[in-house]
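Residue-level structural notes
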Amino acid sequence: MNKIAVVGSGYVGLVAAACFAELGYSVTCVDNDLAKLECLRRGEIPIHEKFLPELVARHSGTRLQFSDSLAEAVRSSTVIFIAVGTPSKDNGEADLSYVESVAREIARSINGYKVIIEKSTVPVYTSEWIRRVMLLTTRTECEFDVVSNPEFLREGTAVTDFLYPDRIVVGVNSERAAAVLRDIYSPLTTGAYYMSAQRVPEPDRATIPPQLILTSAKSAELIKHASNAFLAMKISFINAVASICEEVGADIEQVARGIGSDSRIGPQFLRAGIGYGGSCFPKDVSAFRAVSRQCGYDFKLLEDVMQINEEQRRRFLQKIRTALWTLKGKKIGVLGLAFKGGTDDIRESPAIALVQGLVSEGVQITAYDPAAMKRARELFNGSIHFAENAYAVAAGADALLILTDWDEFASLDLKHLHELLEYPIILDGRNLYTPEEMERHGFMYISIGRKVLPLKQLADVPAQ
Ligand code: NAD
């Protein structure tokens, strides 16, 4: 059985390592962050991800090992997944220096045939660069193949996405590597894993068994960038339509339902809001834009996708001003800091950008997020207050903002919120409530692409 090394123990690497162990492989998860490794060895999970603590606990110390020695992991494995970060550079291109340094280290330790797999999201041609760097660095005659196997998991549902994928994309340029990858994923593609009594429960509408799509390495690299750009485009598209709804008095939820029920379009990623964020869409759209330009194609559509996303935050800030007039000295409660519900990830979070904008205008912020407060505390370093729940955030606030689509924010006790707030003003950046519901409870309610409920006189508010 193939032994696996996964380089990087972040959102993708740790999930991949734990899931491959779950599929029966012996896996070494390598990271150069010693503090993170210590934490993992103690059984602590540095990220908020459903089912991950259970999988790590189940396999840690047996099939799943953590190590800071890439050299040892390379020597003892035939398959090496690279899952390190590929952040944005200032010019929008992907910074591939982590990928390159890992490739060099692999080349120095190679001791037999290896399959080196890009799991990180990388621009087209990266597999060729890895191959070139390996050939220049290695001092042996060992054979290797470079494969692109992009990861499509979503934070918050990463484990189930990995084990129940819509598809597995494998970009290879040799039959030998294709055979290894087919074998690695066979517990999923044959359906064997789904028979296991201990399996992670399947999500709704899982494709069982998933298909394995075999492509060239360049096609696989493009599939990942194009998929993320397309999803970001859907979000920007619906946000642009929401802005038109606001101008003409239509309702974006009705419009999105009407559009999304066309089976050619589908309802997913048609939720209007304050825009996309996270560690993937912003950087991947700009990297795809940059690599397209380098290849000689001016992909202007992507520029618009990014601009609409930026504009969406500005519009929301303007809505806050419209509701509160001046901002300096106002007390605002914030529900949600993560870039979306279900994760503790605050990278490129629209909520964080908005809070930073408000703080710079002298607003006093009290925030609550079910999972992201630890990371946010480090980031804000005392410049905002934190509360232990949504109601504590609302107490005495001049307005309440909903910035992340956590489930628990969609079922709050609105009567209690009304009593707690200094002024009954809610700005909902995720459309978690209906204007009708808010009207019944007497709120001034401003959301995305729907009618604005003005502030009522107390006498106008119906008794509950
Ligand atoms: P991350 O920042 O959470 O994790 C990266 C890890 O790599 C860190 O723990 C870091 O310490 C480690 N690392 C960096 N250099 C290293 C080296 N030389 N040796 C060993 N370890 C090293 O990143 P992530 O969110 O897991 O993303 C990783 C890649 O996967 C990115 O390219 C990203 O675009 C892609 N991706 C991410 C997601 C997601 O939802 N986060 C989904 C699909 C694809």
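In the block above lies the structure referred to throughout.
As the structure is a prediction and not an experimental result, all values here were calculated from the model.

Packing of helix H10 (residues 217–248) against helix H13 (residues 300–324) brings their axes to within 9 Å, and their N-to-C directions diverge by 45°. Classed by the angle they form, the pair H10 and H13 counts as oblique. Of the two possible hands of crossing, H10 and H13 adopt the one that is left-handed. Of the residues in H13, those in contact with Ala229, Ala232, Met233, Ser236, Asn239, Ala240, Ser243, Glu246 and Glu247 of H10 are Leu301, Leu302, Val305, Ile308, Asn309, Gln312, Arg315 and Lys319.

Attention shifts here to the site of the ligand. Near the ligand you find 27 residues, and of these Asp31, Lys36, Thr86, Glu155 and Lys283 are the closest. Contact between the ligand and Tyr11: an oxygen atom at 3.0 Å from a main-chain N or O atom of the residue. Compared with its free state, where it exposes 830 Å², the ligand has 89% of that area covered by protein. Ranked by the residues each element gives to the shell around the ligand, the list is headed by helix H5 (residues 97–109), at 3 residues. Summarising the domain contributions, the shell around the ligand has at least three residues from each of domain 1 (4–215) and domain 2 (224–308).

Buried residues dominate strand S5 (residues 114–118), accounting for 5 of its 5 residues. Here S5 shows two buried faces, one formed by Lys114, Ile116 and Glu118 and the other by Val115 and Ile117. In this view, the connection linking strand S4 (residues 79–82) to its parallel neighbour S5 by way of H5 has right-handed handedness. Looking at chain direction, S5 and strand S6 (residues 144–148) are connected through 5 bridges and run parallel. Counted as the bridge partner of Ile117 is Val147 from S6. The β-α-β motif built from S5, the intervening helix H6 (residues 126–137) and the parallel element S6 has right-handed crossover chirality.

By secondary structure assignment, the location of Ser67 is in strand S3 (residues 64–67). The exposure class of Ser67 is buried, given its relative accessible area of 12%. Not counting chain neighbours up to four residues away, the residues in contact with Ser67 comprise Thr28, Cys29, Val30, Asp31, Leu37 and Arg41.

Conventions adopted
Residues numbered from 1 in each chain as written. Predicted model: local features only at pLDDT ≥ 70, side-chain atom pairs only at ≥ 80, totals over all residues. Heavy atoms only, no water. Axes fitted to C-alpha atoms, helices over the stretch in contact; angles between N-to-C directions. Helix = DSSP H or I, 4+ residues; strand = E, 2+ residues; numbered from the N terminus. Parallel < 35°, antiparallel > 145°, perpendicular 65-115°, else oblique. Left-handed = near helix turned anticlockwise from the far one by under 90°. Contact = heavy atoms within 4.5 Å. Near = heavy atom within 4 Å. Polar contact = N/O pair within 3.5 Å; in protein donor to acceptor, adjacent residues only side chain to side chain. Areas by Shrake-Rupley, 256 points an atom, 1.4 Å probe, with all protein chains shown as cover. Domains from an automatic or database assignment. Buried < 20%, exposed > 50% of the residue type's maximum accessible area, 1.4 Å probe, protein only. Right-handed = clockwise from strand over helix to strand, strands pointing away. Pairing = 2+ DSSP bridges.

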